[in-house]
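Tertiary structure, described
Given next are the chains, with one letter for each unit.
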Amino acid sequence: MEKDILDILEKDSRAKAEDIAVMLGKPAAEVAACIDKMEKEGVICGYTILTDWDKTEREFVSAMIEVKVTRQRDSGYEEIAKRIYKFDEVKSIYLMSGAYDFMVLMEGKNIKEISHFISSKLSTLDSVTSTATHFVLKKYKDYGIVMEKEPLVDERMIISP
């Protein structure tokens, strides 16, 4: 049942326990208790919305930064990740396989602000050996949601008298 609840909440974080219960054919109290348990255990870490910022007045730039580091002997990547994710500018950080160690996602008011963060904060960390920055030009799909909805096309057959 937990997986089913999580699937529903990932698609709509506003779904109420009562509605989820109806969808799953379970008692609302049981679903609410399951959600509460997952929140306390840290399975559910928070609730958020997905926003198409291009349709708002907010001006900002998103960047993906590849970061190569020298791994720490005793703590591996954990301590380095903690130092990076404590920066307010960092939205997400992922340990990666491949050519670099971390992928850092951040937002700034402009390219200059992101460049300043990288040059004055990120690249100055002892274990960081190199960075490569990629700026997001446009989002087409985010977290499974297509950002530009295609207009509905009436595919009914035209019948004329």
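Residues numbered from 1 in each chain as written. Predicted model: local features only at pLDDT ≥ 70, side-chain atom pairs only at ≥ 80, totals over all residues. Heavy atoms only, no water.

1. A look at helix 1 (residues 2-11)
Those residues of helix 1 that sit buried are Ile5, Ile8 and Leu9. Looking straight down helix 1, one finds that the buried residues subtend no more than 95° of arc, so they occupy a single side. Turned more than 90 degrees from where helix 1 packs its buried face, Lys3, Glu10 and Lys11 sit exposed. On its buried side, helix 1 packs onto helix 2 (17-24) and helix 3 (28-41). (Buried < 20%, exposed > 50% of the residue type's maximum accessible area, 1.4 Å probe, protein only. Helix = DSSP H or I, 4+ residues; strand = E, 2+ residues; numbered from the N terminus. Arc of directions from axis to C-beta. Contact = heavy atoms within 4.5 Å.)

2. A word on the confidence of the model for the chain
Residues of the chain with pLDDT of at least 70 account for 95%, and the chain-wide mean is 88. Confidence, expressed as mean pLDDT per element, reaches its minimum in the chain at strand 6 (residues 145-146) with 80 and its maximum at strand 2 (residues 90-95) with 96. (pLDDT = per-residue confidence, 0-100.)

3. Some details on the environment of lysine 91
Here lysine 91 is to be found in strand 2. Placed 14 residues apart in sequence, lysine 91 and leucine 105 show a C-alpha to C-alpha distance of 5.5 Å. Residue contacts for lysine 91: discarding those within four places in its chain leaves Leu105, Met106 and Glu107.

4. Considerations on helix 3
Along its 14 residues, helix 3 runs 20 Å from first to last C-alpha, staying within 8% of the 20 Å computed at 1.5 Å per residue. Within helix 3, the full set of buried residues consists of Val31, Cys34, Ile35 and Met38. Viewed along the axis of helix 3, the buried residues span an arc of 100°, placing them on a single side of the element. In helix 3, the exposed residues that point more than 90 degrees away from the buried face are Ala29 and Lys40. Its buried side turned inward, helix 3 meets helix 1 and helix 2. Following helix 3 by one or two positions, glycine 42 adopts a phi angle in the positive range, close to 80°. (Expected span 1.5 Å × (residues − 1).)

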